[in-house]
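Residue-level structural notes
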Amino acid sequence: MKVDVLLGLQWGDEGKGKVVDVLTPEYDVITRFQGGPNAGHTLEFDNKKFVLHNIPSGIFQGDKINVIGNGVVLDPITFKKEIDGLKAQGFDLKNSLFISKKAHLILPTHRILDAASEAAKGKTKIGSTLKGIGPTYMDKTGRNGIRVGDILTNFEEKYAALKEKHEQLIKMYGFEYNLAEYEQGLKEGIETLREFTLIDSEHELNRYLKDEKSILAEGAQGTLLDIDFGSYPYVTSSNTVCAGACIGMGVSPRNIGEVYGIFKAYCTRVGAGPFPTELFDEDGDKMREHGHEFGSTTGRPRRCGWLDLVALKYSVMVNGVTNLIMMKSDVLGCFETIKIATAYKMGDAVTEEFPFELPENLEPVYKEMPGWNCDLTGLKSEDDFPKELKDYIQYLEDELEVPITIVSVGPDREQTIVRE
Ligand code: GDP
Ligand code: IMO
Ligand code: MG
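Below or above, wherever it landed, is the structure these notes cover. (Residues numbered from 1 in each chain as written. Chains lettered and ligands numbered in written order. Predicted model: local features only at pLDDT ≥ 70, side-chain atom pairs only at ≥ 80, totals over all residues. Heavy atoms only, no water.)

**Examining the coordination of the magnesium ion (ligand 3)**
To keep things clear, this is the line we draw: Donor criterion used throughout: N, O or S atom within 2.8 Å of the metal, extended to 3.2 Å for Na, K and Ca. Water excluded; incomplete-looking sites may result. Strands here mean DSSP runs of E at least two residues long; helices mean DSSP runs of H or I at least four residues long; both are numbered from the N terminus.
Donor atoms from the polypeptide that bind the magnesium ion (ligand 3) are D13 (OD) and G40 (O), placed at 2.1 to 2.2 Å. One end of the pair, D13, is in the loop between strand 1 (3–8) and helix 1 (16–23); the other, G40, is in the loop between strand 2 (29–32) and strand 3 (41–45), and 27 residues separate them in sequence.

Right, dumping it as structure tokens:
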């Protein structure tokens, strides 16, 4: 048995949560492998809407095992909030959600350090979600972190020692903060975590594979936010690419099967950083309005722009994508003409290769295609696709050399068309 990986090819929010939920019936186990509550994964079905931050999106499709892997950073406070919210709606996860002892804990002081660091950066701030992601991964690689398994012995002592270090750092920033408001929440969050089964997830996941169980790894963020391959430094602090799934779960690269690369039919980005095809005109406003492009975690308006084939080719390459999934095709239904960036012009040079940096003078070279200019949200089969949508799909498949196997035409689970 292999691990299939589903991950974002753009700047996050491609619709990963929706598609993981749709694909879950085909799998036994769903695993998150990186990121933390900076993620906001939205699922809609039966007229209900859920946004998940820490918990894998496989919890709503029957009796599946869901695992929070070692590569994740977990905030006990937001975790408890999420667990309590789901319980109130009839989803008790005590027997179906397992958590890696090696996942690192986000502490209140990590969140304060995130805010202090962003404030100190001023104009050059990353636009982080302020969930403490960067400082927690810094403590992990700096070999200072506290892991989930540490709550089983002497947690208070370990917490006090790390908190002291953090408070010195926060003072150096000269940042005002109030820790008391978080600390009761941390205590309660740790208690909630203790009620769950904490596992040696690398052993467990490899055992599942031996036992012929199928695993789907659910990525968070997107390739262009990857710490190594994204638009550095305007990135998150983890490896969001396919190789990150091996690290974040403890499975061999030889055990990776299909790689589902998911992208919007256009592009969005929240937070700061370069975005070559960003639109500042009414077309951008139309995308935001029709696509309800507001952050699932922070509520911030998402920046919108045309599809960027240069970036998408790069993402397909670094992930070894085997199947493409195109989301939010319905949103482009309000345009008579659609543009796709096929190259970048920088001064006199034109390149189709995603460069080391995306400079300010970069101008996308666009190809124009006729839009489908109609409502796709009621479609049930690809036979009903308008010609212009078929042409758009064909063009992208030719350019990317990977088949588009799923096309999404609305936020609901049912609004998903699997192509033959
Ligand atoms: P994720 O972080 O990749 O899981 O994506 P988000 O949940 O942050 O953002 C995707 C948003 O688009 C959510 O509000 C989804 O409900 C919505 N969505 C997903 N697929 C479609 C689609 O095909 N059409 C439309 N209109 N909305 C969609
Ligand atoms: P999902 O999983 C979109 C962005 C932030 C910021 C940068 C760094 O829902 O697709 P961080 O808090 O990680 O230090 O922020 O990354 N970002 C996301 N953007 N979707 C996400 O997750 C994101 N997680 C982080 O806006 O620009
Ligand atoms: Mg999201």
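**Some thoughts on the environment of Y266**
We count it as follows: The criterion used for residue contact is that any of the two residues' heavy atoms lie within 4.5 Å.
Within the secondary structure, Y266 sits in the loop between strand 11 (256–264) and strand 12 (267–269). Sequence spacing of Y266 and L307 is 41 residues, and the spatial spacing of their C-alpha atoms is 4.1 Å. Y266 has contacts with Q10, M287, G291, E293, G305, W306, L307, K328, V331 and L332, leaving out every residue within four places of it along the chain.

**Describing the sheet that holds strand 9 (residues 197–199)**
Rules: Two strands make a pair as long as DSSP finds a minimum of two bridges between them. For helices, the fitted line uses only the C-alpha atoms of the stretch in contact; every axis is such a line through C-alpha atoms, and the angle between N-to-C directions lies from 0 to 180 degrees.
Taken in spatial order, the ten strands make up an open sheet running 9-7-5-2-10-1-11-15-19-20, and their pairing is mixed. The sheet is open, and its two edges are formed by strand 9 and strand 20 (416–418), each paired on a single side. This sheet shows a mean twist of 25° between the axes of neighbouring strands, independent of strand direction. Pairing of strand 11 with strand 15 (residues 323–327), which is carried by five bridges, proceeds in the parallel orientation. Its bridge partner lying in strand 15, F263 is registered against M326.

**Topic: the site of ligand 2**
Defined as follows: Being near a molecule or strand, for a residue, means having at least one of its heavy atoms within 4 Å of it. Here a polar contact is taken to be a pair of N or O atoms separated by no more than 3.5 Å, where protein atoms must pair a possible hydrogen donor with a possible acceptor and residues adjacent in sequence count only if both atoms sit in side chains. Using a 1.4 Å probe, accessible areas were evaluated by the Shrake-Rupley method; residue-level cover was limited to the displayed protein chains. The residue classification treats Ala, Val, Leu, Ile, Met, Phe, Trp, Tyr, Cys and Pro as nonpolar and Asp, Glu, Lys and Arg as charged. All others, Gly included, are polar.
Around ligand 2, 21 residues are found, and the nearest of them are D13, K16, H41, T129 and T236. Between ligand 2 and G127 there is a distance of 3.4 Å, counted from an oxygen atom to a backbone nitrogen or oxygen. Computed on the free molecule, ligand 2 has an accessible area of 540 Å², of which 97% lies beneath the protein chains in the complex. Among the residues making up the shell around ligand 2, the classes are represented as eight nonpolar, ten polar and three charged.

**Examining the site of ligand 1**
Taken together, 20 residues surround ligand 1, and among them K16, T42, S296, D330 and S408 come closest. Between ligand 1 and E14, the relevant distance is 3.1 Å, taken from an oxygen atom to a main-chain nitrogen or oxygen of the residue. In the complex, the protein chains occlude 94% of the 580 Å² of accessible area that ligand 1 would expose alone. Taken together, the residues that form the shell around ligand 1 break down as four nonpolar, eight polar and eight charged.

**Side note on the pairing of strand 10 (residues 215–218)**
This is how the line gets drawn: Categorising residues by exposure relies on relative accessible area from a 1.4 Å probe, with only protein chains included: less than 20% of the type maximum marks a residue as buried, more than 50% marks it as exposed, and the intermediate range marks it as partly exposed.
Burial along strand 10 is two-sided: the face carrying I215 and A217 and the face carrying L216 and E218 are both buried. Sheet topology places strand 1 next to strand 10; four bridges connect them, and they run parallel. In the sheet register, V3 faces strand 10, and the bridge partner there is I215. Taken together, the four bridges between strand 2 and strand 10 define a ladder with parallel strand orientation. Directly across from V29, in strand 10, lies its bridge partner I215.

**Side note on the environment of T277**
Mapping T277 onto the fold places it in the loop between strand 12 and helix 9 (282–290). T277 gets classed as buried once you look at its relative accessible area, which sits at 0%. Along the backbone, T277 and D211 are 66 residues apart, and their C-alpha atoms lie at a distance of 46 Å. Within the local environment of T277, its side chain forms a polar contact with the backbone oxygen of W306, the two atoms lying 2.7 Å apart.

**Quick look at empty space enclosed by the protein**
With a probe scaled to a water molecule rolled over the atoms, the places where space remains empty come into view. Formally: Points on a 1 Å grid over protein atoms alone make up a cavity when a 1.4 Å probe fits among them but cannot get out, and a pocket when they form an open set with protein on both sides within 12 Å along at least five of seven lines; lining residues each have an atom within 4 Å of a point. Grid points are joined across faces, edges and corners, and a volume is the space filled by probe spheres set on the points.
In the structure shown here, the tally under the stated rule is one cavity of 30 Å³ or more. Counted as a void, the largest cavity has a volume near 40 Å³. What lines the largest cavity is I83, L86, K87, F91, D92, L93 and K94. Classifying every residue of the lining of the largest cavity gives four nonpolar, no polar and three charged.

**Observations concerning the pairing of strand 1**
Side-chain positions along a regular strand alternate between the two faces of the sheet. Strand 1 sits mainly inside the fold: six of its six residues count as buried. Side chains V3, V5 and L7 of strand 1 all project onto a buried face; the interleaved residues D4, L6 and G8 project onto the opposite face, where all are buried too. Sheet analysis places strand 1 next to strand 11, joined by five bridges and oriented parallel. Pairing of V3 across the sheet is with I256, part of strand 11.

**Some points on unusual backbone geometry**
Cis geometry marks the peptide bond from Y232 to P233; its omega dihedral reads 5°. Among the structural elements, P233 can be located in the loop between strand 10 and helix 8 (242–249). Phi angles above zero are rare outside glycine, and D46 is one such case at about 45°. Locating D46 in the fold gives a position in the loop between strand 3 and strand 4 (48–52).

**Considering the layout of surface pockets**
Considering only enclosed or pocket space, the second largest pocket measures out at about 580 Å³ in volume. Every residue lining the second largest pocket is counted, 29 residues in all, and those nearest its centre are T42, E44, G291, K328 and P411. Of all the secondary-structure elements, those providing two or more residues to the lining of the second largest pocket are helix 1, strand 3 and strand 4. The element best represented in the lining of the second largest pocket is strand 3, accounting for four residues. When its residues are assigned to classes, the lining of the second largest pocket shows seven nonpolar, twelve polar and ten charged.

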